[in-house]
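Chain by chain, the residues:
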Amino acid sequence: MKLTRRAVQHLFLRAGFGALPAELDRWEGKDVEDLVDHLFNESEQIEDLNLIPDPLKGRAEVSNFRVLAMILRSGPEMQNLNFHWLYRMVESRACLREKATLFWHGHFATSAPFSYLMQGQNNFLRRHALGSFRDLLHGIAQDPAMIIYLNNQENHKDHPNENFAREVMELFTLGIGNYTEHDIREAARAFTGWKVNRKGKFEIIDTDHDTGTKVVLGKTGPLDGTEVLDLLLAHPALPDFLSGKLLRFYFHPNPSDERIRELAGVLQEHDLHIGKTLRHLFTRDWFYDASVMGSMITAPVPLLVRMIRYFGIEFERGETLLRLQQNLGQTLFFPPNVAGWKGHRDWIDSASLLLRLSLADRFLRERALTARGRPEFEETSQKKLQEEAIARITARFEIPEKAYGAQTPDTWIDALSRDLLTTDLSSSTRKALPTPATLKDACIAVCSLPEFQLV
């Protein structure tokens, strides 16, 4: 299939964070397989986030006092990590890998109060984002941040804690209706003794592990956690469950049963390999159907990444970017709960929509932004006032200037609409857009349209 200019933008928006004008020029008219190969090739190299140093370096283990200090320090470190990852998405050529890492960050939603462990989990997800789901599932079950977040530290032989066992079935592999409460109770016993030690590493405490006979999903034996995970991976409900989540993230908010079954079949054919499954998805004709393009509301982080990259936005203060994420409803490393972000229509409410539609104006006119987040429960007016702060932004604007600066003002709206939007403007909307005085005005007009929120 030969790619139209709009199809190029569609693929870049779904697989990454949007195409720049030069990328549209390069790939328009080319074979879709060539662009998909390019995106995978660019994502072969894996670069970890290495912002937070190992707190155990030079130490055998951490003391209680140091654990407390790590928790207290974790808040500001997580903010820096948030900023660091978001700008990785902006600057990295491995957009496919970073977008997939964001998908798994929502799928295996975690927010443990140890920044170094969260950095480690993020790097684990990045390394395996386009690989085997088997490796992902086994690895995340032994991930220190996940173990702490889902209370497996409190999962003891004599007092099983069902939290991880429940979520691994409901949210990570099978979905509700494909297991019983008995399965959860028995699986929880299999994960007893799976802990994080004083070195911040996973280990199994044999004396705290229940070695008795268990019955999980019809299988009887002295099952351990690894064997339970293998049972989940072999369950017939898993391919459909995982296919549905991938399709709702990359393809359409309401994928048909036909599409779910097709992608589930690809997952099974390739032994749950994510990269091979996404390659199949991105090369199907139906992925580029007009009913698919512009069918999803863009998530806050990809929206910010796209605009920062396109307009060369720089923030005077990192916390401004953090507040923007909070007010838009998606903050990296701070998912709302273990179910992650619901996405699509849940990205929009009356406040966040107004903010979304005003971002281009704020960014390109370099208006100062308040650094406050949404009011906290019972927050006093005095506290709000104290937290009010102003942070300036700058916009280099080099990319639009280079791409469209030589064109005449009467062509800017149509050129930008063609390149930035994945749906056609209605005639009434187009007529309502006057000829802009400057190229910045044209960019603000197009990026302030509701259509710009659709990908």
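Caption draft 1: Structural context of the overall build of the protein. Secondary structure assignment for the protein yields 22 helices and eight strands. Expected size for 455 residues packed as a compact globule is a radius of gyration near 23 Å; at 24 Å, the protein falls within 12% of this value. Counting over 455 residues, the protein shows a buried share of 53%. Residue pairs at least 24 apart in sequence account for 73% of intrachain contacts in the protein once pairs closer than 6 positions are excluded. In the form shown here, the protein has an accessible surface area of approximately 20,100 Å², with 50% of it arising from carbon and sulfur atoms. Side-chain charges in the protein split into 55 positive and 61 negative, and the spacing between the mean points of these groups amounts to 3 Å.

Caption draft 2: Expanded view of the nonpolar core. Counting 132 residues, the largest nonpolar core has Trp104, Phe108, Phe133, Phe172, Leu281 and Phe282 as the members making the most contacts within it. With residues up to four places along the chain from it excluded, the contact list for Phe282 reads Leu11, Ala15, Val32, Val36, Leu96, Tyr250, Phe287 and Tyr288.

Caption draft 3: Representation of helix H15 (residues 300-311). The end-to-end C-alpha separation of H15 is 16 Å, in line with the 16 Å expected for 12 residues at 1.5 Å each. With 11 of 12 residues buried, H15 lies mostly within the body of the structure. Turning to H15, its buried residues are Pro300, Val301, Pro302, Leu303, Leu304, Val305, Arg306, Met307, Ile308, Tyr310 and Phe311. Just past H15, the residue Gly312 takes up positive phi, approximately 65°.

Caption draft 4: Here's a closer look at the environment of Arg367. Secondary-structure assignment places Arg367 in the loop between helix H17 (350-364) and strand E6 (369-370). Taking relative accessible area as the criterion, Arg367 reaches 39% and is therefore assigned partly exposed. Once the C-alpha coordinates of Arg367 and Phe172 are considered, the two residues, 195 residues apart in sequence, prove to be 42 Å apart. Apart from the residues within four sequence positions on either side, Arg367 is in contact with Asp361, Arg362 and Ile393.

Caption draft 5: Highlighting the packing of helix H6 (residues 115-128) against helix H7 (residues 133-141). The N-to-C vectors of H6 and H7 enclose an angle of 170°; their axes lie 10 Å apart at closest approach. Between H6 and H7, the crossing angle belongs to the class labelled roughly antiparallel. Facing Gln121, Phe124, Leu125 and His128 of H6, the residues of H7 in contact are Asp135, Leu136, Gly139 and Ile140. Of the residues in the contact of H6 with H7, the class split is four nonpolar, three polar and one charged.

Caption draft 6: Region of interest: the pattern of salt bridges. One pass over the structure, following the stated rule, counts 27 salt bridges. With a shortest N-O distance of 2.9 Å, Arg5 and Glu28 are connected by a salt bridge. Within this pair, whereas Arg5 is found in helix H1 (residues 5-15), its partner Glu28 is found in the loop between helix H2 (21-27) and helix H3 (32-42), the two being separated by 23 residues in sequence. On the basis of relative accessible area, Arg5 is assigned to the buried category, the value being 11%. With a shortest N-O distance of 2.5 Å, Asp37 and Arg279 are connected by a salt bridge. Taken as a pair, Asp37 in helix H3 and Arg279 in helix H14 (residues 274-282) lie far apart in primary sequence, 242 residues in all. Taking relative accessible area as the criterion, Asp37 reaches 32% and is therefore assigned partly exposed. Residue class for Arg279 comes out partly exposed when judged on its relative accessible area of 31%. Three or more residues are tied together by salt bridges with common partners; here these are Arg5, Asp25, Glu28, Arg418 and Asp419.

Caption draft 7: Quick look at the side chain of Thr422. Within the secondary structure layout, Thr422 lies in the loop between helix H20 (409-420) and helix H21 (427-432). Taking relative accessible area as the criterion, Thr422 reaches 3% and is therefore assigned buried. From its side chain, Thr422 meets the backbone nitrogen of Gly294 in a polar contact 3.4 Å long. Ignoring anything within four residues of it in the chain, the contact list for Thr422 reads Arg6, Gln9, His10, Leu13, Met293, Gly294, Leu454 and Val455.

Caption draft 8: Focus on the packing of aromatic side chains. This model, assessed by the stated rule, comprises 21 aromatic pairs. When the centroid spacing of 5.0 Å and the interplanar angle of 40° are considered together, the rings of Phe83 and Tyr87 count as tilted. Taken as a pair, Phe83 and Tyr87 lie in helix H4 (residues 64-91) at a separation of four residues, close to a single helical turn. With 5.0 Å between their ring centres and 80° between their planes, Phe287 and Tyr288 make a pair best called edge-to-face. With relative accessibility at 0%, the residue Phe287 sits in the buried group. When its relative accessible area of 9% is taken as the criterion, Tyr288 is described as buried. Over the face of the ring belonging to Phe17 we find Lys99, whose NZ or CZ atom lies 5.5 Å from the ring centre.

Each value, and the rule that gives it
- Residues numbered from 1 in each chain as written.
- Predicted model: local features only at pLDDT ≥ 70, side-chain atom pairs only at ≥ 80, totals over all residues.
- Heavy atoms only, no water.
- Helix = DSSP H or I, 4+ residues; strand = E, 2+ residues; numbered from the N terminus.
- Rg over C-alpha atoms; globule rule 2.2 N^0.38 Å.
- Buried < 20%, exposed > 50% of the residue type's maximum accessible area, 1.4 Å probe, protein only.
- Contact = heavy atoms within 4.5 Å.
- Areas by Shrake-Rupley, 256 points an atom, 1.4 Å probe, with all protein chains shown as cover.
- Lys, Arg positive; Asp, Glu negative; His and termini not counted.
- Charge placed at Lys NZ, Arg CZ, Asp CG, Glu CD.
- Core = buried A, V, L, I, M, F, W, Y, C linked by side-chain atoms within 4.5 Å.
- Expected span 1.5 Å × (residues − 1).
- Axes fitted to C-alpha atoms, helices over the stretch in contact; angles between N-to-C directions.
- Parallel < 35°, antiparallel > 145°, perpendicular 65-115°, else oblique.
- Nonpolar A, V, L, I, M, F, W, Y, C, P; charged D, E, K, R; others polar.
- Salt bridge = Lys/Arg side-chain N within 4 Å of Asp/Glu carboxyl O.
- Polar contact = N/O pair within 3.5 Å; in protein donor to acceptor, adjacent residues only side chain to side chain.
- Phe/Tyr/Trp six-rings, centres within 6.5 Å; stacked < 30°, edge-to-face > 60°.
- Lys NZ or Arg CZ within 6 Å of the ring centre and 35° of its normal.

Purely geometric numbers; function is a separate question.
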